[in-house]
Amino acid sequence: MLDYVKIVDDNSIEKFITLAENIWHEYFPFLLSNEQINYMLHKFQSFDAIKKQQNEGYEYYFIYNDKELVGYIVFVIKEEHLFLSKLYFLKNQRGKGFGRKALEYLCSIAEANNLRKIILTVNKYNENSIAAYKKWGFKTIESKIFDIGHGYVMDDYIMQFEF
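Everything quoted here is computed from the prediction, not taken from an experiment.

Novice: What am I meant to see in the nonpolar core here?
Specialist: In terms of nonpolar packing, the biggest core is built from 31 residues, with Phe-16, Trp-24 and Tyr-72 touching the most fellow members. At the level of elements, helix H1 (13-27), helix H2 (34-45), strand S2 (59-65), strand S3 (68-77), strand S4 (82-89) and strand S7 (152-162) are the ones that each hand at least two residues to this core. The biggest single contributor to this core is H1, with 8 residues. Not counting residues within four places of it along the chain, the set of residues in contact with Tyr-72 comprises Phe-16, Leu-19, Ala-20, Ile-23, Trp-24, Gln-45, Tyr-61, Phe-62, Ile-63, Lys-86, Leu-87 and Tyr-88. Membership of the second largest hydrophobic core comes to 26 residues, among which are Phe-75, Leu-87, Leu-120 and Ile-130.

Novice: Please clarify how the packing of aromatic side chains should be interpreted in this entry.
Specialist: Throughout the structure, instances matching the rule amount to 19 aromatic pairs. Measuring from centroid to centroid gives 5.3 Å for Tyr-39 and Tyr-152, while their planes differ by 40 degrees, and the two rings are tilted. Residue Tyr-39 is found in helix H2, and its partner Tyr-152 is found in strand S7; the two are separated by 113 residues along the sequence. Both residues of the pair, Tyr-39 and Tyr-152, belong to the buried class. Taken together, a centroid distance of 5.4 Å and an interplanar angle of 65 degrees make the contact between Tyr-133 and Phe-138 edge-to-face. Assessed through its relative accessible area of 9%, Tyr-133 is described here as buried. Given a relative accessible area of 4%, Phe-138 falls into the buried group. Lying over the aromatic face of Phe-62, Lys-15 brings its terminal NZ or CZ to 5.2 Å of the ring centre.

Criteria and cut-off values
Residues numbered from 1 in each chain as written. Predicted model: local features only at pLDDT ≥ 70, side-chain atom pairs only at ≥ 80, totals over all residues. Heavy atoms only, no water. Core = buried A, V, L, I, M, F, W, Y, C linked by side-chain atoms within 4.5 Å. Buried < 20%, exposed > 50% of the residue type's maximum accessible area, 1.4 Å probe, protein only. Helix = DSSP H or I, 4+ residues; strand = E, 2+ residues; numbered from the N terminus. Contact = heavy atoms within 4.5 Å. Phe/Tyr/Trp six-rings, centres within 6.5 Å; stacked < 30°, edge-to-face > 60°. Lys NZ or Arg CZ within 6 Å of the ring centre and 35° of its normal.

Purely geometric numbers; function is a separate question.
Shown next, in the form of structure tokens:
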């Protein structure tokens, strides 16, 4: 299990936004333009976007290791599966096993809700994340392009983990 997760509430959304901006700007320049990164952060991880998703049942959590903030996770319980919306770690925290621990945490949440699968989307060209998900047992089940506006698309694989 993760050492410590803390829910993102109204008092900590700004802290979350800063964390997301830091992670996205250190990770995604190899894959997305700076303009698209900023657009997606605003569209999906701004104060209003987070509040809207929380009202729709999305759960936002900070991930800590020994009281050190290492990343974040966002998921929602659907009718037949848990949807992993976001799982990101700071650059200096990647490759330390936190992803595997996050998956174990998600499995416990899914099981508590009588669900046996986790579904996520991942950019088709994000080879490191795809490799990690495959290592953890995820299988690619579909390929999809999502129009997110402003001339941008998300060209993703849909991956599933069954347990």
